[in-house]
Amino acid sequence: MKSVRELLTSFRYLFVVLVAVIAVVQLLRVSGANIYLPAAVGIADPEPASYWEAGRDGRPKPFFLSGTSQWLAFKKSVLSDRSVLDRVERETGIRARLIVSELVAEQMRYHFSSKGRFERLTGVKNVLMNPKIGISLGPMGLKVSTAKKIESHALNESTPFYPGPGLVRLISTTGAVNSEEELFLRFTAVDHYYSYLYAAMYSREIIAQWNRYGYDISERPEIIATLYNIGFSNSRPNSEPKVGGAAVVSFDGRRYSFGRLAYEFYYSSELLEEFQR
């Protein structure tokens, strides 16, 4: 007969596998679509270039989710992280509002898809959710493999993604890529500093890559957010970048992609005083 310890180990293993299977099923359910970006990574928004230009006219508009319970819960939580986000902005040069726009898309994705189960299990609404344990970590939904790429780019001056000198010290004190254990601890910490820092570094590296090919996307939050969602391997600098990514929210009969939702928040009046453009 198996010992109690062996039985507990087997149970833990089965539990981890079950969580992973549920996470994959959830991912497929949330991001399923019939119009795909490269590598089948989500929907592509059909709006013309003029739609995305309209947001940059300086006139903020209402955010369509602002009256929902999911948004009110998120808003309360992100305001508690304001000092951390301001710190990351100072250290990286990436505006806190850009980080928050990506955070909005990542969090609304889980608040809307898992809202009922989340509230039943926790009874708490005013927290930032930590999605897909074992697959993505922390409020920004970062994978350990992505974090390793971010670090590698910061360490390698010859890569198109190199973000510039002085930034690697923020994420690596040894001059080498951190271990998976260290990254896991960083992204699951109560303090969200490292989650926001790595998200900002990702944006710096994407902007650097596009700049090296002659395209400035630093004022294109919808493109940066799309690329944050679909990954480095799908970042292909060109003159007509597409907005899209995972289908994160369905609201009033319309589906919003990751990039579109980030754009809608970024140019809205929501949290504009706290996180300026």
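Residues numbered from 1 in each chain as written. Predicted model: local features only at pLDDT ≥ 70, side-chain atom pairs only at ≥ 80, totals over all residues. Heavy atoms only, no water.

Trainee: Is there a simple way to think about the overall build of the protein chain in this case?
Mentor: The helix and strand tally for the protein chain stands at 10 helices and 4 strands. Counting from the amino terminus, the protein chain carries its helices and strands in the arrangement α-β-α-α-α-α-α-α-α-α-β-β-β-α. Across the 277 residues in the protein chain, those meeting the buried criterion constitute 48%. Only carbon and sulfur atoms are counted for the fraction: they give 56% of the accessible area of the protein chain, which is about 13,800 Å². (Helix = DSSP H or I, 4+ residues; strand = E, 2+ residues; numbered from the N terminus. Buried < 20%, exposed > 50% of the residue type's maximum accessible area, 1.4 Å probe, protein only. Areas by Shrake-Rupley, 256 points an atom, 1.4 Å probe, with all protein chains shown as cover.)

Trainee: Please explain the packing of aromatic side chains as it appears in this structure.
Mentor: The description of two aromatic rings rests on the distance between their centres and on the angle between their planes. Enumeration according to the criterion identifies 20 aromatic pairs in this entry. Summarising the aromatic geometry, the rings of F63 and W71 are spaced 4.9 Å apart at their centres and angled 65 degrees between planes, so their arrangement reads as edge-to-face. Given the relative accessible area of 3%, F63 is considered buried. Its relative accessible area of 0% is what places W71 among the buried residues. Members of the aromatic cluster, joined through ring pairs, are F63, F64, W71, F74, F251, Y256 and F265. Here R97 stacks its cationic end above the ring of Y266, 6.0 Å away from the centre of that ring. The ring of Y194 has R186 lying over it, and the distance from NZ or CZ to the ring centre is 4.3 Å. (Phe/Tyr/Trp six-rings, centres within 6.5 Å; stacked < 30°, edge-to-face > 60°. Lys NZ or Arg CZ within 6 Å of the ring centre and 35° of its normal.)

Trainee: So what exactly am I meant to see when it comes to the pattern of salt bridges here?
Mentor: Any two side chains of opposite charge can pair, given that their charged atoms come close. Taken as a whole, this structure holds 13 salt bridges when the rule is applied. Two residues, R260 and D45, come together in a salt bridge whose shortest N-O distance is 3.8 Å. Note that R260 is positioned in helix 10 (residues 258-266) and D45 in the loop between strand 1 (43-44) and helix 2 (49-54), a separation of 215 residues in sequence. The same class applies to R260 as to D45, namely buried. Between E270 and K75 there is a salt bridge, and its shortest N-O distance comes to 3.3 Å. Here the residue E270 occupies a position in the segment after helix 10, and K75 occupies one in helix 3 (residues 69-80), the gap between them amounting to 195 residues. (Salt bridge = Lys/Arg side-chain N within 4 Å of Asp/Glu carboxyl O.)

Trainee: Looking at this model, I keep getting lost on the environment of K148. Mind explaining?
Mentor: As for its position among the elements, K148 is in helix 6 (residues 144-155). Taking relative accessible area as the criterion, K148 reaches 25% and is therefore assigned partly exposed. Measuring from C-alpha to C-alpha, the distance between K148 and N178 comes to 7.3 Å, with 30 residues separating the pair along the chain. Beyond its immediate stretch of four places on either side in the chain, K148 contacts V177, N178, S179, E180 and L183. (Contact = heavy atoms within 4.5 Å.)

Trainee: Got a minute to help me understand helix 10 in this structure?
Mentor: Think of an α-helix as 3.6 residues a turn; residues three or four steps apart then line up on the same face. Most of helix 10 is tucked away, with 9 of its 9 residues classed as buried. Turning to helix 10, its buried residues number three or more, namely F258, G259, R260, L261, A262, Y263, E264, F265 and Y266.

Trainee: I'm lost on the confidence of the model for the protein chain in this one. Help?
Mentor: Interpreting fine coordinate detail is not advised for predicted regions of low pLDDT. Overall, the prediction assigns the protein chain a mean pLDDT of 81, with 77% of residues at 70 or greater. Residue range residues 15-40 is modelled with pLDDT below 50. Its contacts to residues more than four positions away, or to other chains, number 37 contacts. Low confidence marks residues 115-127, where pLDDT is under 50. Its contacts with residues over four positions away, or in another chain, come to 18 contacts. (pLDDT = per-residue confidence, 0-100.)

Trainee: Would you mind going over the packing of helix 4 (residues 82-92) against helix 8 (residues 193-212) with me for this structure?
Mentor: Any two packed helices are characterised by how steeply their axes cross, that is the angle between the axes, and by the distance between the axes. Where helix 4 contacts helix 8, the two axes come as close as 9 Å, and the packing angle between them is 35 degrees. When the axes of helix 4 and helix 8 are compared, the crossing they make is right-handed. Residues V84, L85, R87, V88, E91 and T92 of helix 4 form the contact with helix 8, whose participating residues are Y193, Y196, L197, A200, M201 and R204. Residue composition of the contact of helix 4 with helix 8, by class: 8 nonpolar, 1 polar and 3 charged. (Axes fitted to C-alpha atoms, helices over the stretch in contact; angles between N-to-C directions. Left-handed = near helix turned anticlockwise from the far one by under 90°. Nonpolar A, V, L, I, M, F, W, Y, C, P; charged D, E, K, R; others polar.)

Trainee: Can you help me understand the side chain of N178 in this one?
Mentor: With respect to the element layout, N178 can be found in the loop between helix 6 and helix 7 (180-187). Here E151 takes part through its side chain, which lies 2.7 Å from a polar atom of the side chain of N178. Within polar-contact distance, the side chain of N178 engages the backbone oxygen of I171 at 2.8 Å. (Polar contact = N/O pair within 3.5 Å; in protein donor to acceptor, adjacent residues only side chain to side chain.)

Trainee: How should I be thinking about the environment of S179 in this particular structure?
Mentor: Relative to the elements of secondary structure, S179 occurs in the loop between helix 6 and helix 7. Residues S179 and V144, 35 residues apart in the sequence, show an inter-C-alpha distance of 9.2 Å. Within the structure, S179 has its side chain in polar contact with the backbone nitrogen of E182 (distance 3.1 Å).

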